[in-house]
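Structural characterization, general
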Amino acid sequence: MLQSPEIQFAQKLASNEKPIRTRAIKKLRKYLSIRSQKPEGGFSNDELLKIWKGLFYCMWMQDKPLLQEELATVISRLIHSLQKTDAQYLFLETFLQTMNREWNGIDRLRLDKFYKLIRMVLRQFFELLKRESWDESLVERFGCILSTQVLSAASGAPSGIQFHILDIYMEELATVGAEELTAEENFKLIDPFCKIAAKTKDRLLLQAIAHSIFDEIVDQSPFAIEDLMKEVKKLKKSRILKMTLKVPLKCLKMMRILDLFFSRLLLQAIAHSIFDEIVDQSPFAIEDLMKEVQQQGQNVSDDSENQDLSKSKKSTGRQLNGKEAEKEQNFEDDSEGTVEMPEDDEDIGPVLQFDYKAIADRLFELASRTSTPSQNRKIIYRLVKKYVFLSDVFLE
């Protein structure tokens, strides 16, 4: 009996011999590209699940960290071989289904390689959305898959996968799209987390979302303001240049006359003592503003939060990979309502811009619904206070 191509690929990808696995990946790349180009060449869910099972064990067999990272990159880039959008989304969906199914069987020594694989698949899917100019319908479809396969209770996703995706989501999104994503587009990319935060009954998941997504945005706000000030500075320079080009001829003649009376040294002294001094003082002005933000933010913090989160420390540890987690994850926020200033020598990397008022309004809308659990509403309202205050400061 002739086996299907997907089963043959799965067997070769799971081979004990590395050359066989390497050749199988190369052939798989061509197979995915050629078949997806045909009008009738769509893949079924079962077919891609078989392929992903082979890819999973291909990753399982790979030793040495550098080779594991290289293999994770190669596997994640297979999504670009698919020529149809439906096939690409099904490829992501079956990947998440495979990880959910196999996760509890992964031993501690192999965890890192699969953490890396999840990170690379997420990054390449962001690259896919970037190539499509962050189309709204595609972003919404991606959010639906993320919710149904990872975040919702019905997904059956292990907590290890949920927490890892939450930890890397903002970082990978910034790596791929920080330079071109607008605040409105970023808002759509985090909206699935807003919805899950309002309806989940998993308290640890709720705290993880609050910490890894919404508190992360707050922590990034000083850098976002700094980037905004740089843009404003560029705009001011361009405006000054335009104004200079429009100076009347009489004014130019007057400037030449003044140049005769004032030596170049005096002009340089004026420029250095007045205008350069203003520019040099600008970082301190921003710092003073952010200190005021921090001081005001402390006034909106709720003293009851520490009591609520301290109770969660006493909750039983959740199983991770079929074993008790060695350390229970603690998502306590010790600085609610505050914005920490960055260190002078800290390289924060790319920063995403957000409309803080839009986030506050969305969270408030979801928390105000009668279907929202009271414990969720309490945590979300505290987040709303942070974003309302940030919005006021940002407008100032």
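Looking at an unreviewed UniProt entry, one finds the chain named RRP1B protein, with Polyodon spathula as its source organism. In the Sequence similarities (unreviewed entry) part of its UniProt record, the chain is described as follows: "Belongs to the RRP1 family." Here is the UniProt Subcellular location (unreviewed entry) comment for the chain, exactly as written: "Nucleus".

A word on the packing of aromatic side chains
One pass over the structure, following the stated rule, counts 17 aromatic pairs. Aromatic side chains Phe125 and Phe142 sit 5.3 Å apart centroid to centroid with 20° between the ring planes, which places their arrangement in the stacked category. Here the residue Phe125 occupies a position in helix 6 (residues 111–131), and Phe142 occupies one in helix 7 (residues 136–151), the gap between them amounting to 17 residues. For the pair Phe125 and Phe142, one class covers both residues: buried. Measuring from centroid to centroid gives 4.8 Å for Tyr169 and Phe193, while their planes differ by 75°, and the two rings are edge-to-face. With Tyr169 in helix 8 (residues 159–177) and Phe193 in helix 9 (residues 183–199), the pair connects residues that are 24 residues apart, well separated along the chain. Overall, the relative accessible area of 0% leaves Tyr169 in the buried class.

Some thoughts on the pattern of salt bridges
Throughout the structure, instances matching the rule amount to 17 salt bridges. In this structure, Arg369 and Glu365 form a salt bridge, with 3.3 Å as the shortest nitrogen-oxygen distance. Judged by its relative accessible area of 39%, Arg369 falls in the partly exposed class. Judged by relative accessible area, which is 39%, Glu365 ranks as partly exposed. Among the charged side chains, a salt-bridge network with shared partners connects Asp191, Lys195, Arg362, Glu365 and Arg369.

Cut-offs used in this document
Residues numbered from 1 in each chain as written. Predicted model: local features only at pLDDT ≥ 70, side-chain atom pairs only at ≥ 80, totals over all residues. Heavy atoms only, no water. UniProt positions renumbered as here; feature names shortened; annotations may be inferred. Phe/Tyr/Trp six-rings, centres within 6.5 Å; stacked < 30°, edge-to-face > 60°. Helix = DSSP H or I, 4+ residues; strand = E, 2+ residues; numbered from the N terminus. Buried < 20%, exposed > 50% of the residue type's maximum accessible area, 1.4 Å probe, protein only. Salt bridge = Lys/Arg side-chain N within 4 Å of Asp/Glu carboxyl O.

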